[in-house]
Amino acid sequence: LPLTERLLPQALREAGYTTAICGKWHLGEFRPEYTPTHRGFDHQYGHMFGAIGYFKHSRDGKPDWYRDDKPLVEEGYSTHLIAKEACRLIRDKPAGKPLFLYVPFNGIHAPHEVPERYTQPYEDLPSNRRTIAGMLSAVDEAIGQISAALDEKGLSKDTLIIFSSDNGGPHPGKVSMNTPLRAGKGTIYEGGIRASAFATWPGKIPAGTTINEPMHAADWYPTLLKISGAPAAQNLAPDGLDIWPVLTQGAKSPHEAMLIPGTRPDTMALRMGDWKLLLS
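Residues numbered from 1 in each chain as written. Predicted model: local features only at pLDDT ≥ 70, side-chain atom pairs only at ≥ 80, totals over all residues. Heavy atoms only, no water.

(A) Broad picture of the pattern of salt bridges. Here the structure, examined in full by the defined rule, presents 14 salt bridges. For Asp60, the salt bridge goes to Arg59, with nearest N and O atoms at 3.8 Å. When its relative accessible area of 33% is taken as the criterion, Arg59 is described as partly exposed. For Glu213, the salt bridge goes to Lys252, with nearest N and O atoms at 3.6 Å. Taken together, the residues span a long stretch of sequence, with Glu213 in the loop between strand 9 (197-200) and helix 5 (220-228) and Lys252 in the loop between helix 6 (244-249) and strand 10 (258-261) at a distance of 39 residues. (Salt bridge = Lys/Arg side-chain N within 4 Å of Asp/Glu carboxyl O. Buried < 20%, exposed > 50% of the residue type's maximum accessible area, 1.4 Å probe, protein only. Helix = DSSP H or I, 4+ residues; strand = E, 2+ residues; numbered from the N terminus.)

(B) Structural view of the packing of aromatic side chains. Within this structure, the stated rule accounts for 9 aromatic pairs. Between Trp25 and Phe41, the aromatic rings sit 6.2 Å apart at their centres with planes inclined by 90°, giving edge-to-face as the arrangement. Here Phe41 lies in the loop between strand 1 (18-24) and strand 2 (43-47) and Trp25 lies in the loop between strand 1 and strand 2, a separation of 16 residues in the sequence. Overall, Phe41 belongs to the buried group, its relative accessible area being 3%. Consider the rings of Tyr45 and Trp65, whose centres lie 5.4 Å apart with planes at 80°: the pair is edge-to-face. Of this pair, Tyr45 sits in strand 2 while Trp65 is found in the loop between strand 4 (62-63) and strand 5 (66-67), placing the two residues 20 residues apart along the sequence. Just as Tyr45 is buried, Trp65 falls in that class too. Across the ring face of Tyr189, the terminal group of Arg182 is positioned such that the distance to the ring centre comes to 3.8 Å. Positioned above the aromatic ring of Trp201 is the side chain of Lys204, whose terminal nitrogen or guanidinium carbon lies 5.4 Å from the ring centre. (Phe/Tyr/Trp six-rings, centres within 6.5 Å; stacked < 30°, edge-to-face > 60°. Lys NZ or Arg CZ within 6 Å of the ring centre and 35° of its normal.)

Next up, the structure:
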């Protein structure tokens, strides 16, 4: 990720937040200045690359597990370890100091690995689907632990929780199911680019509402800057748009059009209203 980009943790740190990442970075590590603690994070824990082993914490035979950007040797299932560290940061948070905690689990990304006890409730599923279901259960449990830590610290009412997947499921029909959407991960069809997400903040976001307006993950950047009071001035224009009125007031999407790049340079989609133009 180019060093010219101002990142969310940098902006929130300017607003007085302690910033931490627990999980997958995957935005550059070939020089120190590209690593998390040089890009706005006060604390880092987890891995730099994608597709690491859940038990050995390595990719292609190379160890990939760090604390504050320094190599760390540790035993345990990565989903469990990430949740444990996130909960520790919440419990150790100083009073009166706001916290931005980014928790990108590597679950349920390949390689598909999970302790056997998580697959036992899904014995009626084919083996590959059974493993995926167990991995998802482990992530679900981990998120519950983080939520419980917020409750124990008395922070739930003052915390905005954002959950999002990053893409549709891979290999639909074999590993995942995106029905009724077409295709899956790596495509520019809806089964690849439309993902589940929710946001909750007691007293701020109306509970139990469903939003069908098109929004993009990049919209969180200007939205969070606005509600945190972080300085908005920067050299490069943000890619997203403020979606706070959509979440809190039932407003329409601020997007007249939405450009969605594919995983290859020659594929992309342009969505406007009920129309979608595909370049593939």
